[in-house]
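Chain residues, written in single-letter form:
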Amino acid sequence: MAYIIDAIRTPRGRGRMGKGALNNIHPHELLAQSLNHLAERAGINKSDVDDVVIGCVSQAGEQGGDIARMAVLAADWPLEVTGVSLNRYCGSGLQAVNFAAMGVMSGMQRLVVGGGVESMSRVPMGADGAGLDGNNPHLRKKHFQVPQGISADLIATLENFSREEIDQFALRSQQRAAQAQREGYFKRSLFAVRDPETGAVALEVDEFPRPDTTLEGLAALEPSFVAWGSKAVGPNGETLDQMALKKYPQAGEIRHVHTAGNSSGIVDGAAAVLVASEDYVKAHGLKPRARIRAMATAGAEPVIMLTAPTPASKKALAQLRMTPKDIDLWEINEAFAVVPMQTMRNLGVDPERVNVNGGAIALGHPLGATGAMILGTAIDELERRGLSTALITLCIGGGQAVATIIERV
Ligand SMILES: CC(C)(COP(=O)(O)OP(=O)(O)OC[C@H]1O[C@@H](n2cnc3c(N)ncnc32)[C@H](O)[C@@H]1OP(=O)(O)O)[C@@H](O)C(=O)NCCC(=O)NCCS
């Protein structure tokens with residue numbers, strides 16, 4: 001059994017340099033402050049932590065090396081505590097919690113932190129130089145991958161989601177996030193990030209939402225991925241759109257519907273989740289908030305890339321002989337609006353149970369941290385509503401997804 005003792009996160013700051021309140025804070029410090037708030041709130045002895053498992057996508061520059069260990073040191077934790085960094089692209093933060101849970105469930109570890117960090121302002125997407133496929137010409141001949149925005153537009157084209165439906169979804173994300181902020185639903189997980197130099201509060205609430213968003217405003221935005229789509233990249237000068245259509249000729253032509261208003265936002269942030277074994281919980285009289293019931297990953301075709309939340313969710317549900325109707329609340333990462341829309345349609349999930357406090361469209365998606373963040377959001381909301389079970393899932397680059405089912409205790 002793996003128990004979740006607590007989950008905390010930084011607010012998400014705008015992730016464009018010069019525009020966000022967390023731009024001046026090194027990603028080590030975002031994570032170190034998360035670790036210290038978590039340990040303090042849970043009242044644990046830090047020396048008991050067997051490992052700190054951290055998701056981070058752009059592992060270059062300030063986020064290069066082993067950011068988990070560097071943050072342990074930056075947080076002044078005991079030198080005996082280790083840290084390991086992992087990259088499962090956008091699923092990294094949830095994968096880190098799942099690995100923490102697996103370590104505990106195997107009996108090899110008793111207390112593990114899972115979490116994630118991404119400063120998208122300081123270490124922008126693509127900073128690791130890997131591109132979509134590590135620039136491997138042999139792989140590229142087998143799977144010519146395209147940027148995720150084009151994959152999202154391809155899904156919308158193939159599944160007949162209109163621009164208006166997509167904007168409606170985005171508007172709902174903004175409205176729900178605005179209400180959650182107004183009513184203080186995020187307070188349980190949030191802590192105020194401080195400037196490590198001065199100690200002054202840098203940010204205490206999520207900075208990305210635009211509560212005054214309207215459908216008209218969204219409709220007026222230009223699609224973001226038209227220029228990319230028309231870039232000549234193929235072996236015979238084909239555009240990115242044409243390369244995607246080679247795999248999906250039935251789409252005819254890609255309708256570009258995703259914009260700055262209905263795609264996930266670029267932000268900075270970190271999150272940490274404390275996972276403990278049953279015997280550790282008993283020995284220390286801890287009060288867990290939830291337990292991890294099921295964990296799964298699934299792969300799918302990499303050009304369309306973003307469709308695997310459906311099989312990953314099904315795999316996790318099957319472990320418990322559950323159906324989608326047995327899940328009280330869902331967090332389906334809003335990488336692009338079409339991702340949760342398609343997943344809900346495929347699984348027959350009631351939209352009233354999905355991303356009930358908004359998602360990455362309104363709040364932003366700090367790549368490596370998001371999975372751990374939305375797990376915490378799900379626990380907070382289960383408690384607030386007196387419900388039991390949540391499923392958290394994220395689509396992932398290369399055509400993958402990760403899913404976790406939690407239950408309150
Ligand atoms: C879609 C994307 C390219 C847009 O980037 P961008 O154009 O720089 O987007 P911004 O958030 O800076 O918004 C640009 C403008 O759109 C407008 N805008 C954005 N959201 C809006 C809304 N809800 N209502 C009205 N206007 C809006 C604003 O004018 C904004 O400019 P401002 O910030 O100066 O006010 C970028 O957000 C992106 O790449 N998202 C996906 C990230 C990703 O791939 N993640 C990993 C895979 S999931």
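Look a little higher up for the structure.
Summary of the structure given here.

**What to know about the pattern of salt bridges**
At step 1: Within the structure shown, the criterion is met by 19 salt bridges.
At step 2: The network of salt bridges with common partners includes D6, R41, R188, R289, D380 and E383.

**A few points about the nonpolar core**
At step 1: Among the nonpolar cores identified, the biggest contains 54 residues, and I166, L306, W330, V338 and I405 are the most heavily contacted of them.
At step 2: When near neighbours in sequence (up to four residues on either side) are disregarded, L306 contacts Q148, S151, A152, I155, F336, V339, Q342 and C395.
At step 3: Core analysis: the next-biggest nonpolar cluster, separate from the first, contains 37 residues, I44, A75, A270 and A272 among them.

**A closer look at the pairing of strand β11 (residues 389–396)**
Consecutive residues of a regular strand have side chains that alternate between opposite faces of the sheet.
At step 1: Within β11, eight of the eight residues are buried, which leaves the element mostly enclosed by the surrounding structure.
At step 2: Both faces of β11 are covered, namely the face carrying T389, L391, T393 and C395 and the face carrying A390, I392, L394 and I396.
At step 3: Of the pairings in the sheet, the one linking strand β10 (residues 329–332) to β11 comprises four bridges and is parallel in character. Bridge pairing links L329 to A390 in β11.
At step 4: Of the strand pairs in this sheet, β11 and strand β12 (residues 400–408) are connected by eight bridges, and their pairing is antiparallel. The partner of L394 across the bridge, within β12, is V402.
At step 5: Linking β11 back to β12 in an antiparallel pair, the connection comprises three residues, with G398 at a positive phi of about 80°.

**A word on the side chain of S263**
At step 1: Along the chain, the position of S263 falls in the loop between α9 (240–247) and β8 (267–277).
At step 2: Only 2.7 Å separates the side chain of S263 from the backbone oxygen of T259, close enough to count as a polar contact.
At step 3: If we ignore the near neighbours within four places in the chain, the residues touching S263 are F225, H258, E334, A335, F336 and I361.

**A few points about the site of the ligand**
At step 1: In the vicinity of the ligand, 24 residues are found, and the nearest of them are R16, Q148, R210, T213 and S264.
At step 2: Within the side chain of R16, an N or O atom sits 2.7 Å from an oxygen atom of the ligand.
At step 3: At a separation of 2.8 Å, an oxygen atom of the ligand approaches a polar side-chain atom of R210.
At step 4: Protein chains shield 71% of the accessible area of the ligand, which is 960 Å² for the free molecule.
At step 5: Across the shell around the ligand, the residue classes break down as 11 nonpolar, nine polar and four charged.

**Comments concerning the packing of helix α3 (residues 92–105) against helix α14 (residues 370–385)**
At step 1: Interhelical geometry of α3 versus α14 gives an angle of 70° and a closest axis separation of 4 Å. If you check the angle between α3 and α14, you find them roughly perpendicular. Every residue of α14 that contacts α3 at G93, L94 and V97 is listed here: G371, A372 and L375.
At step 2: Residues that form the contact of α3 with α14 fall into these classes: four nonpolar, two polar and no charged.

**Concerning the side chain of S277**
At step 1: With respect to the helices and strands, the residue S277 is situated in strand β8.
At step 2: For S277, the residues in contact, after removing those within four places along its chain, are M1, Y3, V104, Q109 and R110.

Criteria and thresholds
Residues numbered from 1 in each chain as written. Predicted model: local features only at pLDDT ≥ 70, side-chain atom pairs only at ≥ 80, totals over all residues. Heavy atoms only, no water. Salt bridge = Lys/Arg side-chain N within 4 Å of Asp/Glu carboxyl O. Core = buried A, V, L, I, M, F, W, Y, C linked by side-chain atoms within 4.5 Å. Buried < 20%, exposed > 50% of the residue type's maximum accessible area, 1.4 Å probe, protein only. Contact = heavy atoms within 4.5 Å. Helix = DSSP H or I, 4+ residues; strand = E, 2+ residues; numbered from the N terminus. Pairing = 2+ DSSP bridges. Polar contact = N/O pair within 3.5 Å; in protein donor to acceptor, adjacent residues only side chain to side chain. Near = heavy atom within 4 Å. Areas by Shrake-Rupley, 256 points an atom, 1.4 Å probe, with all protein chains shown as cover. Nonpolar A, V, L, I, M, F, W, Y, C, P; charged D, E, K, R; others polar. Axes fitted to C-alpha atoms, helices over the stretch in contact; angles between N-to-C directions. Parallel < 35°, antiparallel > 145°, perpendicular 65-115°, else oblique.

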